[in-house]
Amino acid sequence: MKKFSIVIAGGGSTFTPGIVMMMLDNIDRFPIRKLKLYDNDGDRQAILGGALEILLKEQAPDIEFSYTTDPETAFTDVDFCMAHIRVGKYAMREQDEKIPLNYGVVGQETCGPGGIAYGMRSIGGMMEIIDHMEKYSPKCWMLNYSNPASIVAEACRVMRPKAKVLNICDMPVGTLRRMSQIINKNPGDLEVRYFGLNHFGWWTSVKDKEGHEYLPEIREYVAENGYLTKVEVDTQHMDQSWQETHKKAKDLIAVNPRYLPNTYLKYYLFPDYEVKHSNCTYSRANEVMDGREKTVFTAAKKIVEKGTAENSGFTIDSHASFIVDLARAIAFNTHERMLMIVENNGAIANFDDDAMVEVPCIVGSDGPEPLAQGKIPAFEKALMHQQVTVEKLVVEAYITGSYQTLWQALTLSKTIPSAEVAKNILDELILANKGFWPELS
Ligand code: NAD
Ligand code: LMR
């Protein structure tokens, strides 16, 4: 079988060790000859790079491993770029969450003003790595799961329409694992229909390969328990705040029992509840810094200290194996059915052609081919139209440098009560994001 060369952009990410170990776990399905880490923060990346160097020497000595901050070294001779960058890192995520919360507005990584702020930072970083990829390895595909995925995907559509970038999100994968637990099945045995935007959508069908429809059964369970399961199924979304999120799906179902909701819809349908249950001095960013970030970096330092990765504390991010499924789909033309973020072009019959939507696609070596999801009802369509317009305005504001356009984007967000609150939040976000956003006028 062909062996592949991979670069991980955002090599210093908290997800890097888990994803590298997941790839080792899948090496028979997806052989690797070369693995590089690339990050623009050399010191952060070196901690993980040093530890992974030891781990790979022990567990996969045939793989040529290196880490670098030099784009040419990183992006030359690569087949796939796995991108998980966080422009501004956790220090800026904390601002994204706390600034809106201080105005009584949802403070969240990808939804509402926090997502808009993060989007304005991510666009530049993403375009930079796409350009490196296209310059040094024009045949390379980027598998992007950097957030906020919806704004990043819209920016790719407008600013790099020909780039070989595949935008995908892990949240539907994690929720499907929960659904499969609820009905006592394997996620791999289930096929779904789904429509929406990223972090903003609904499952309309969950069937097994024989065609049995499980949606009514899952709905009944979720109406009582949300997506909380009896056995813990997801290694990623397990912290206390995530348990609250899985539980809240119960209230989402009450509003709209027709379909099974993506959990992120809670920020749009219950923003007042979310604010009331948030702590503006200790947000999700603090939870991750004190949790995942500390655990991963402490484990890495221990590996380097001991000179061995045996019993290291790095764990396989098995839920991320969808990334290998996607790479295999491109590399081996497997026609894998996956939820992807793609330009609508009729997949949702009564929605804008140029909207970046999340729908099931068949993925082969030419990329994703969206599956038609038919017409969607008025309630979901109106919510989606409002949100997709916010996302489009953010990208327009980034390109034109227009303060007015970004103010409109915030004003339109369902999470913000008035243009005045939008302006106050925007003005604080501009100060906090100096050097990360383009100058607005
Ligand atoms: P992190 O801050 O730990 O890591 C991000 C890394 O990106 C940092 O080391 C940073 O220096 C680097 N970076 C920032 N800008 C860059 C640039 N322009 N070029 C190169 N490197 C750059 O963040 P994290 O929590 O590990 O998340 C990483 C990303 O993955 C985020 O966008 C997050 O939303 C997304 N994400 C991925 C998954 C998944 O399934 N793997 C799940 C959830 C979120
Ligand atoms: C979070 O946990 O809050 C996000 O960074 C998303 C994730 O899955 O880690």
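Residues numbered from 1 in each chain as written. Chains lettered and ligands numbered in written order. Predicted model: local features only at pLDDT ≥ 70, side-chain atom pairs only at ≥ 80, totals over all residues. Heavy atoms only, no water.

(A) Region of the structure containing the packing of helix 1 (residues 16-25) against helix 2 (residues 42-59). The N-to-C vectors of helix 1 and helix 2 enclose an angle of 15 degrees; their axes lie 11 Å apart at closest approach. When the interaxial angle is binned, helix 1 and helix 2 end up roughly parallel. The element helix 1 and its partner helix 2 pack so that their crossing is right-handed. Along the contact surface, helix 1 presents Thr16, Pro17, Val20, Met21 and Leu24, while helix 2 presents Leu48, Leu52, Leu55, Leu56 and Gln59. Residue classes in the contact of helix 1 with helix 2 are distributed as eight nonpolar, two polar and no charged. (Axes fitted to C-alpha atoms, helices over the stretch in contact; angles between N-to-C directions. Helix = DSSP H or I, 4+ residues; strand = E, 2+ residues; numbered from the N terminus. Parallel < 35°, antiparallel > 145°, perpendicular 65-115°, else oblique. Left-handed = near helix turned anticlockwise from the far one by under 90°. Contact = heavy atoms within 4.5 Å. Nonpolar A, V, L, I, M, F, W, Y, C, P; charged D, E, K, R; others polar.)

(B) Region of the structure containing the layout of surface pockets. Here the second largest pocket defines a volume of roughly 610 Å³. Every element with two or more residues in the lining of the second largest pocket is listed here: helix 7 (171-182), strand 7 (190-197), helix 13 (321-332) and strand 10 (336-343). In the lining of the second largest pocket, the residues fall into 13 nonpolar, four polar and six charged. (1 Å grid on protein atoms, 1.4 Å probe; cavity = no way out; pocket = protein on both sides within 12 Å on 5 of 7 lines; lining within 4 Å. Points joined across faces, edges and corners; volume = space filled by probe spheres on them.)

(C) Spotlight on the pairing of strand 12 (residues 367-370). Bridge count between strand 11 (residues 356-364) and strand 12: four bridges; the pairing is antiparallel. Directly across from Cys361, in strand 12, lies its bridge partner Pro370. The hairpin turn running from strand 11 into strand 12, its antiparallel successor, is two residues long. (Pairing = 2+ DSSP bridges.)

(D) Quick peek at the site of ligand 1. Around ligand 1 sit 27 residues in total, of which Ser13, Thr14, Asp39, Tyr90 and Tyr118 are the nearest. In the environment of ligand 1, an oxygen atom lies 2.7 Å from a nitrogen or oxygen atom belonging to the side chain of Arg44. Measuring from an oxygen atom of ligand 1, one finds a side-chain N or O atom of Asn147 at 2.8 Å. Of all the secondary-structure elements, those providing two or more residues to the shell around ligand 1 are helix 4 (89-102) and helix 5 (112-136). With three residues, helix 5 is the single largest residue contributor to the shell around ligand 1. Of the residues in the shell around ligand 1, the class split is eight nonpolar, 10 polar and nine charged. (Near = heavy atom within 4 Å. Polar contact = N/O pair within 3.5 Å; in protein donor to acceptor, adjacent residues only side chain to side chain.)

(E) Structural context of the sheet that holds strand 9 (residues 260-261). Ordered in space as 7-8-9, the three strands form an open sheet in which the pairing is antiparallel. Unpaired on one side and paired on the other, strand 7 and strand 9 mark the two borders of the sheet. Packing against the sheet, helix 14 (residues 378-400) makes contact with strand 7 and strand 8 (200-208), and its axis sits at approximately 60 degrees to strand 7.

(F) Just the side chain of Ser205, in detail. Take Ser205: it is sitting in strand 8. Within the structure, Ser205 has its side chain in polar contact with the side chain of Glu213 (distance 2.8 Å).

(G) How the structure looks around the domain arrangement of the chain. If you check the domain split of the chain, you get domain 1 (4-166 + 286-307) and domain 2 (380-433). The C-alpha-based centres of domain 1 and domain 2 are spaced at 26 Å. Facing the 22 residues of domain 1 at the interface are 21 residues of domain 2. The interface formed by domain 1 and domain 2 includes one salt bridge. The salt bridge partner of Glu154 is Lys392, with a shortest N-O separation of 3.3 Å. Where domain 1 packs against domain 2, one counts four residue pairs in polar contact (both at pLDDT 80 or more). It is helix 5 that provides the largest number of residues to the side of domain 1 that touches domain 2, a total of eight residues. (Domains from an automatic or database assignment. Salt bridge = Lys/Arg side-chain N within 4 Å of Asp/Glu carboxyl O.)

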